[in-house]
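Structural features, examined
Listed here are the chains, written in short residue letters.
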Amino acid sequence: MQIQRTGHAGDIVLSLSGRLDAENARHLEGELDETIRLGARRIVLDFSAVSFMSSAGIRTLIKFAKELRRLGGAFSIRNIPPMVREVLALTGLLKDFEGGHGAAMADGAVTRRIGPLECMVNPVRAAPPMRLRFLGAADDWMRATAPAARLDIAPATAAFGVGMLGTEADASRAGEFVALGGSVAAQPGSARTADYLVGEGGFVPSVTTFTAVVADGVFTHSLRFSADDTAPLSALAGAAMELCNAPTVMLAFAAETRGLVGVSLRRADARAEEDFFAHPAVRDRLAFTADPAHDRRLALAVGLVTREVSAPFAPRVRALPNELLAHVHAAVFHFQALPAGPIEADETARALFGAQEPLSVLHLLTDDRSVNGIGESRFSRGVLWAAAAELTA
């Protein structure tokens, strides 16, 4: 079977030629999977050159019609030949595939180019800046004797830092965590697999943290983005700053990864007089990505972006290539297509944690070494949320 893809952005036509039998149904499934991954939410199949369709082909059509409906999109067939039309009519499916309706764009949404990103920017939500606070000492979390604090993860809380799930302070299990929408993922320092807690009913997850950046409130700005090739983390940070037009911004995003660059904590055991980052001990304390990791996954990230170079910001942020300062943690999931239209950060987080378990949590860094440096984390498309953030006393 030959399949030709035409169209652009969220609207795609796949023109099929040949027999849609069991073997070719698998070929079509692969093409549809990739088309959805690339961001299409309204897909039309042109059947004008389809000569035969078996039950395997019908199963594929039903599967992807359900998937596009789940994503708020549409799936339809045009130019159906008489033989295939008769099969669909006899099975009662013809009406389901003739003339699907596309998902509506948010009222007031506009397309806009921001750096390397092609964006669909949603209307601004009227709300005060997010309330920003810092927990723990930014330069003392790596000590075995660092003081700990409890942080409850409410639905309106976005946070990241170093700590562990639950209320027990155990520096040997401390690792990166990221929290959004009442859910939290953490990477225990002694484990290869991330752990997580999801707020349900009256249960509010908590983290015992040695250091954290916490923001409470709502994200006032949101956009969908795609890159011609890939976009670095600094481009997402720059888009958040441009949207909010504020000196300090809290951001979150859910995006398809094209390689993450970062670090995870293995052991927080430095003595008071010891340099945590001294070689060779640091190799046992931190795990760096030697090469870009987690290609073609989905990252759910929370971060702080600022132009503030003085305390208390300075110890908590690192320079990006575009002269912004940022600190971002990301939970990594298997790829999962995001619904069409405007979606909220908290709803997206709950849906992700409800559907699958996080694979890993990373502190995203820029590897700008002149020799063997692997640069920034890169992304192809996704949804970004942002809001101005003001430090509370």
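Now for a look at the structure at hand. Think of each chain on its own: its residues are numbered from 1, step by step along the sequence as written. Local features in this predicted model are restricted to residues of pLDDT 70 or higher, and side-chain atom pairs are both shown and tallied only at a pLDDT of 80 or more, whereas totals for entire chains, interfaces and linings draw on every residue. Heavy atoms from the whole structure form the basis of all side-chain values; hydrogens and water molecules are not counted.

1. Observations regarding the overall build of the protein chain
To keep it simple, the criterion reads: Going along the chain from the N terminus, every DSSP run of H or I of four or more residues is numbered as a helix, and every run of E of two or more is numbered as a strand. Here the radius of gyration uses the C-alpha set of atoms, whereas the globule reference equals 2.2 Å times the residue count to the power 0.38. Here the term buried applies to any residue with accessible area under 20% of the maximum for its type, exposed to any over 50%, and partly exposed to those in between, with areas from a 1.4 Å probe on protein chains only. Any two residues whose heavy atoms approach within 4.5 Å are treated as being in contact. Counting rule applied: Lys, Arg positive; Asp, Glu negative; His and chain ends not counted. To locate a charge, the coordinates of NZ of Lys, CZ of Arg, CG of Asp or CD of Glu are taken.
Each helix and strand counted, the protein chain has seven helices and 22 strands in total. Taken against the 2.2 N^0.38 rule, which gives 21 Å for 393 residues, the C-alpha radius of gyration of the protein chain at 23 Å falls within 12% of a compact globule. Its C-alpha atoms give the protein chain principal-axis dimensions of roughly 80 × 50 × 40 Å. Buried residues in the protein chain amount to 52% of all 393 residues. Looking at the protein chain alone, contacts between residues at least 24 apart form 75% of all its contacts between residues at least 6 apart. Distance from the positive charge centre (39 side chains) to the negative charge centre (44 side chains) of the protein chain: 3 Å.

2. Focus: the side chain of Glu-29
The criterion, for reference: Under this definition, polar contacts are N or O atom pairs within 3.5 Å; protein pairs additionally need one hydrogen-donor-capable and one acceptor-capable atom, and for neighbouring residues in sequence, both atoms have to be side-chain atoms.
Relative to the helices and strands, Glu-29 is located in helix 1 (residues 22-37). Owing to a relative accessible area of 15%, Glu-29 belongs among the buried residues under this scheme. There is a polar contact of 3.3 Å between the side chain of Glu-29 and the side chain of Arg-59. When residues no more than four places from it in sequence are discounted, the contact partners of Glu-29 are Arg-59, Thr-60, Lys-63 and Phe-64.

3. Looking at the environment of Ala-237
Counting through the fold element by element, Ala-237 comes out in helix 5 (residues 233-244). Classification of Ala-237 as buried rests on a relative accessible area of 2%. C-alpha separation for the pair Ala-237 and Thr-209, spaced 28 residues apart in sequence, amounts to 25 Å. Those residues within four positions of Ala-237 in sequence are excluded, and the remaining contacts are Leu-251, Val-305, Leu-320 and Leu-324.

4. Focus on the sheet that holds strand 2 (residues 11-20)
Just so we agree on the cut-off: Only strands joined by at least two bridges in the DSSP assignment are considered to pair. Axes here mean lines fitted to C-alpha atoms, for a helix over just the part in contact, with angles spanning 0 to 180 degrees between N-to-C directions.
The strand order 1-2-3-4 describes an open sheet built from four strands, whose pairing is mixed. Two strands bound the open sheet, and with one partner strand each, they are strand 1 (2-8) and strand 4 (74-78). On average, each strand axis in the sheet is tilted by 20° relative to the strand beside it, whichever way the strands run. Relative to strand 4, strand 3 (residues 42-53) runs parallel, the two being bridged by five bridges. If you follow Asp-46 over to strand 4, its bridge partner there is Arg-78. Along the sheet face, helix 1 touches strand 1, strand 2, strand 3 and strand 4 and points at about 170° away from the line of strand 2. Where helix 3 (residues 82-90) meets the sheet, it contacts strand 3 and strand 4, and its direction lies at approximately 110° from that of strand 3.

5. Some thoughts on the packing of aromatic side chains
For any pair of aromatic rings, geometry is given as the distance between the ring centres together with the angle between the planes. Heads up, the rule is: Stacked, edge-to-face and tilted are the three classes for Phe, Tyr and Trp ring pairs, Trp counted by its six-membered ring, which pair at centre distances within 6.5 Å; planes under 30 degrees apart are stacked, over 60 edge-to-face, the rest tilted.
This model, assessed by the stated rule, comprises five aromatic pairs. With centroids separated by 5.6 Å and ring planes inclined at 90°, the aromatic side chains of Phe-134 and Phe-313 adopt a geometry described as edge-to-face. Placement of the pair is Phe-134 in strand 7 (residues 130-135) and Phe-313 in the loop between strand 18 (293-306) and strand 19 (318-319), with a sequence separation of 179 residues. Of the residues examined, Phe-134 reaches a relative accessible area of 18% and is grouped as buried.

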